[in-house]
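Each chain is listed here by its residues.
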Amino acid sequence: MKATLVNRYDIKAYKLFSLLHEFDRLLSCIELPTRKRGRPPKLNSRIYLKILLSKEYLGHSLRIAEQVDSKLIAKRRVPKSTLSYWEQKAEIRKAISSVLSLLSEKLEKILC
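Anyway, here's the lowdown on the structure attached to this text. (Residues numbered from 1 in each chain as written. Predicted model: local features only at pLDDT ≥ 70, side-chain atom pairs only at ≥ 80, totals over all residues. Heavy atoms only, no water.)

## What to know about the overall build of the chain
To keep it simple, the criterion reads: Secondary structure elements are defined from DSSP: runs of H or I of at least 4 residues count as helices, runs of E of at least 2 residues count as strands, and each element is numbered from the N terminus. We call two residues in contact whenever any of their non-hydrogen atoms come within 4.5 Å of each other. For every accessible area listed, the method is Shrake-Rupley and the probe measures 1.4 Å; residues are considered covered only by the protein chains on display.
Helix and strand content of the chain: five helices and zero strands. The helix and strand sequence of the chain, counted from the amino end, reads α-α-α-α-α. Restricting the contact set of the chain to residue pairs at least 6 apart, pairs at least 24 apart contribute 58%. Summed over its atoms, the accessible surface of the chain is roughly 8200 Å², and 54% of this surface lies on carbon and sulfur atoms.

The following block contains the structure:
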């Protein structure tokens, strides 16, 4: 799957931005634990979480998430090794599962 840019008038772009807006709303409900030891991350943990959520929701691989999703969300390329590191953290896995369950609940309400 080749990563390509989406034209601004394409409907996929508006779906992606509405999806990111929904992620922002759901992430405001979730409180992520902070660590006080070690070097602080270069980006906010919510940005890493949004990249990983878009990766999981859209079914992208880490390479596509590195090339497309990170440039759209963080406005810079985030290496796939960094995304893999954040994906393996237990608190991030819990946050991803809780946000995806909230999304599924919203879809259930809309569909029923």
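## Notes on the packing of helix 3 (residues 62-73) against helix 4 (residues 80-87)
To keep it simple, the criterion reads: Angles run from 0 to 180 degrees between N-to-C directions of axes, and those axes are lines fitted to C-alpha atoms, restricted for helices to the stretch in contact. By definition in this entry, angles of less than 35 degrees are roughly parallel, angles greater than 145 are roughly antiparallel, angles of 65 to 115 are roughly perpendicular, and the rest are oblique. Crossings are classed by handedness, with left-handed meaning an anticlockwise turn of the near helix from the far one by less than a right angle and right-handed meaning a clockwise turn. When residues are sorted by character, Ala, Val, Leu, Ile, Met, Phe, Trp, Tyr, Cys and Pro go into the nonpolar class, Asp, Glu, Lys and Arg into the charged class, and all the rest, Gly among them, into the polar class.
Running from N to C, helix 3 and helix 4 cross one another at 115°; their axes reach a closest spacing of 9 Å. One finds that helix 3 runs roughly perpendicular with respect to helix 4. Crossing angle aside, the handedness with which helix 3 passes helix 4 is right-handed. Mapping the contact onto sequence places Leu62, Arg63, Ala65 and Glu66 in helix 3 and Lys80, Leu83, Ser84 and Glu87 in helix 4. Class assignment for the residues of the contact of helix 3 with helix 4 results in three nonpolar, one polar and four charged.

## Here we look at a nonpolar patch on the surface
Our working rule: Residues form patches when they are more than 30% accessible in relative terms and have no salt bridge. Like charges link within 9 Å. Nonpolar side chains (Val, Leu, Ile, Met, Phe, Trp, Tyr) link within 5 Å. Any carboxyl oxygen of Asp or Glu within 4 Å of a side-chain nitrogen of Lys or Arg constitutes a salt bridge here. Each residue's exposure class comes from its accessible area (1.4 Å probe, protein chains only) as a fraction of the maximum for that residue type: buried when under 20%, exposed when over 50%, partly exposed otherwise.
Taken together, the side chains of Tyr57, Leu58, Leu100 and Leu107 present a nonpolar region at the surface, about 340 Å² in accessible area. Contributions of two or more residues to the nonpolar patch are made by helix 2 (45-58) and helix 5 (90-111). According to the relative accessible area criterion, Leu58 is partly exposed, its value standing at 38%.

## Focus on the nonpolar core
What counts, and what does not: What is meant by a nonpolar core is a set of buried Ala, Val, Leu, Ile, Met, Phe, Trp, Tyr and Cys residues, joined one to another through side-chain atoms within 4.5 Å.
Core analysis: the biggest nonpolar cluster contains 24 residues, and Phe23, Leu49, Leu53, Val78 and Val99 have the highest contact counts within it. Breaking this core down by element, the ones donating at least two residues are helix 1 (11-29), helix 2, helix 3, helix 4 and helix 5. Once residues within four sequence positions are removed from consideration, Val99 is found in contact with Phe23, Leu26, Leu27, Ile30 and Leu53.

## Quick notes on the environment of Cys29
Mapping Cys29 onto the fold places it in helix 1. Taking the C-alpha atoms as reference points, Cys29 and Val99, separated by 70 residues in sequence, lie 9.3 Å from one another.

## Quick word on the packing of aromatic side chains
Heads up, the condition is: Stacked, edge-to-face and tilted labels apply to pairs of Phe, Tyr and Trp rings (six-membered ring for Trp) whose centres lie within 6.5 Å, assigned for plane angles under 30 degrees, over 60, and everything in between, in that order. A ring is scored as having a charge over it whenever the NZ atom of a lysine or the CZ atom of an arginine sits within 6 Å of its centre and within 35 degrees of its normal.
Within this structure, the stated rule accounts for two aromatic pairs. Between Tyr85 and Trp86, the aromatic rings sit 6.4 Å apart at their centres with planes inclined by 90°, giving edge-to-face as the arrangement. Take Trp86: its relative accessible area is 8%, and that puts it in the buried class. Here the aromatic residues Tyr48, Tyr85 and Trp86 are joined through ring pairs into a cluster of three or more. Here the basic side chain of Lys89 rests over the ring of Trp86, its NZ or CZ set 4.1 Å away from the ring centre.

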